[in-house]
Amino acid sequence: ITSREEKVFYLLDKQGLGLEIGPSHNPIAPKKKGFNVHILDHASSADLRHKYQGHGVNLDSIEEVDFVWHGEPLQELIGKTNCYDWIIASHVIEHVPDFISYLQQCEVLLKPTGVLSLVIPDKRYCFDYFSSSSSTGNVLDAYAEKRERPSPGQIFDHIANASKRNGNIAWGLDGLAGADELVHTFTEAQAHWARSLSTTDYIDVHSWRFTPASFRLLISDLQSLGLIGLEITAEFDTMG
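Everything quoted here is computed from the prediction, not taken from an experiment. (Residues numbered from 1 in each chain as written. Predicted model: local features only at pLDDT ≥ 70, side-chain atom pairs only at ≥ 80, totals over all residues. Heavy atoms only, no water.)

**Concerning the overall build of the protein**
Argument step 1. When its secondary structure is counted, the protein shows 8 helices and 7 strands.
Argument step 2. Taken against the 2.2 N^0.38 rule, which gives 18 Å for 240 residues, the C-alpha radius of gyration of the protein at 18 Å falls within 12% of a compact globule.
Argument step 3. With respect to the three principal axes, the spread of C-alpha positions in the protein is 50 × 45 × 40 Å.
Argument step 4. Looking at the protein as a whole, 44% of its 240 residues qualify as buried.
Argument step 5. Sequence-distant contacts in the protein: of pairs separated by 6 or more residues, those separated by 24 or more amount to 70%.
Argument step 6. A total accessible area of about 12500 Å² is found for the protein, and carbon and sulfur atoms account for 51% of it.
Argument step 7. The average position of the 20 basic charges and that of the 32 acidic charges among the side chains of the protein differ by 2 Å. (Helix = DSSP H or I, 4+ residues; strand = E, 2+ residues; numbered from the N terminus. Rg over C-alpha atoms; globule rule 2.2 N^0.38 Å. Buried < 20%, exposed > 50% of the residue type's maximum accessible area, 1.4 Å probe, protein only. Contact = heavy atoms within 4.5 Å. Areas by Shrake-Rupley, 256 points an atom, 1.4 Å probe, with all protein chains shown as cover. Lys, Arg positive; Asp, Glu negative; His and termini not counted. Charge placed at Lys NZ, Arg CZ, Asp CG, Glu CD.)

**Brief notes about the pattern of salt bridges**
Argument step 1. Under the definition given, this model contains 10 salt bridges.
Argument step 2. Between D85 and K111 there is a salt bridge, and its shortest N-O distance comes to 3.1 Å. Of this pair, D85 sits in strand β4 (residues 84–90) while K111 is found in strand β5 (residues 110–119), placing the two residues 26 residues apart along the sequence.
Argument step 3. The partner of D201 in a salt bridge is R195, and the shortest N-O contact between them spans 3.3 Å.
Argument step 4. Taking relative accessible area as the criterion, D201 reaches 42% and is therefore assigned partly exposed.
Argument step 5. For R195, a relative accessible area of 39% puts it in the partly exposed group. (Salt bridge = Lys/Arg side-chain N within 4 Å of Asp/Glu carboxyl O.)

**Comments concerning the environment of V183**
Argument step 1. Here V183 shows up in the loop between β7 (181–182) and α7 (186–198).
Argument step 2. The class for V183 is partly exposed, based on a relative accessible area of 31%.
Argument step 3. Separated by 23 residues in sequence, V183 and A160 have C-alpha atoms that sit 8.3 Å apart.
Argument step 4. Setting aside chain neighbours within four positions, we find V183 in contact with A162, S163, K164 and I169.

**Here's the deal with the layout of surface pockets**
Argument step 1. Approximately 1300 Å³ is the volume attributed to the second largest pocket.
Argument step 2. Residue lining of the second largest pocket: 41 residues in total, with H42, W69, V92, H95 and V96 positioned closest to the centre.
Argument step 3. Elements represented by at least two residues in the lining of the second largest pocket include exactly α1 (4–8), β1 (18–21), β2 (37–41), α2 (45–52) and α4 (99–109).
Argument step 4. Considering only residue class, the lining of the second largest pocket consists of 17 nonpolar, 12 polar and 12 charged. (1 Å grid on protein atoms, 1.4 Å probe; cavity = no way out; pocket = protein on both sides within 12 Å on 5 of 7 lines; lining within 4 Å. Points joined across faces, edges and corners; volume = space filled by probe spheres on them. Nonpolar A, V, L, I, M, F, W, Y, C, P; charged D, E, K, R; others polar.)

**Quick notes on α4**
Argument step 1. Taking burial as the measure, the 11 residues of α4 include 8 buried ones, the bulk of the element.
Argument step 2. Residues of α4 that are buried make contact with β1, α3 (74–78), β4, β5, α5 (136–144) and α8 (212–224).

**Points about unusual backbone geometry**
The phi angle of most residues is negative, glycine excepted, and most peptide bonds adopt the trans form.
Argument step 1. The phi angle at N82 is positive, at roughly 55 degrees, despite the residue not being glycine.
Argument step 2. Counting through the fold element by element, N82 comes out in the loop between α3 and β4.
Argument step 3. At K146, a position not held by glycine, the phi torsion is positive, near 50 degrees.
Argument step 4. Relative to the helices and strands, K146 resides in the loop between α5 and α6 (152–161).

**Regarding the packing of α4 against α5**
Argument step 1. The geometry of α4 relative to α5 is characterised by a closest axis approach of 7 Å and an angle of 75 degrees between their N-to-C directions. By the criterion of interaxial angle, the relationship of α4 to α5 is roughly perpendicular. Across the interface between the two elements, F99, I100, S101 and Q104 from α4 touch V139, L140 and Y143 from α5.
Argument step 2. Taken together, the residues of the contact of α4 with α5 sort by class into 5 nonpolar, 2 polar and no charged. (Axes fitted to C-alpha atoms, helices over the stretch in contact; angles between N-to-C directions. Parallel < 35°, antiparallel > 145°, perpendicular 65-115°, else oblique.)

**Some words on the nonpolar core**
Argument step 1. Formed by 34 residues in total, the largest nonpolar core has its most connected members in I21, Y84, I87, F99, Y102, L103 and L222.
Argument step 2. A per-element tally of this core places α4 first, with 6 residues.
Argument step 3. Once residues within four sequence positions are removed from consideration, I21 is found in contact with L40, L74, I87, I88, A89, S90, V92, Y102 and C106.
Argument step 4. In terms of nonpolar packing, the next biggest core, distinct from the first, is built from 17 residues, V8, I28, A29 and W86 among them. (Core = buried A, V, L, I, M, F, W, Y, C linked by side-chain atoms within 4.5 Å.)

**Regarding the side chain of S101**
Argument step 1. Along the chain, the position of S101 falls in helix α4.
Argument step 2. In terms of polar contacts, S101 uses its side chain to reach the side chain of D98, at 2.6 Å. (Polar contact = N/O pair within 3.5 Å; in protein donor to acceptor, adjacent residues only side chain to side chain.)

Right under this line is the structure:
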């Protein structure tokens, strides 16, 4: 199994009813390819097309959005539980403010045999390089606070530590030496932090960072704490 698509669909019943969360302009399971799928995103199709106008992306790839998410529990928005054979979320989970609640909501939406398929950045090979991996305690704090947006500290860390290697914000496995420069200035990080303290606007950052091992440990801890029933049934090493 080598292609990204093969990995995403590895355990999924492609004939079943699915939900793709946050596909933006790059869906993995598009309706136009025949998938029986609902699309959930933070904006309507029209708003997404407007947002990506002039960004050099194929606007025709933007799917009709079935559910526009405004921060409410997913099962409330969808109005059903126990209904999906699969859920795909590519590069979403690192953004969600409350990691545990997000997993719990996905679990409630899935049938007992359902599969949650996640594509997750490996912090060792992208702009998260200089930031720490997220601990179980970090996600427990967000859960206790019922966090609905990244914290000021998370926003500061994201801007202050974002890095590049050879000018790229993501690099291949040949980049084992890690990042070699910062993306933003300290002044920019300070400004974002100050703004986060004075606004209720949603400032989108990576709230969480993982390596495959740290993610495995986190999921194991959350199972042992009785917070989730999901378990890892397959995973693939970082490639490309």
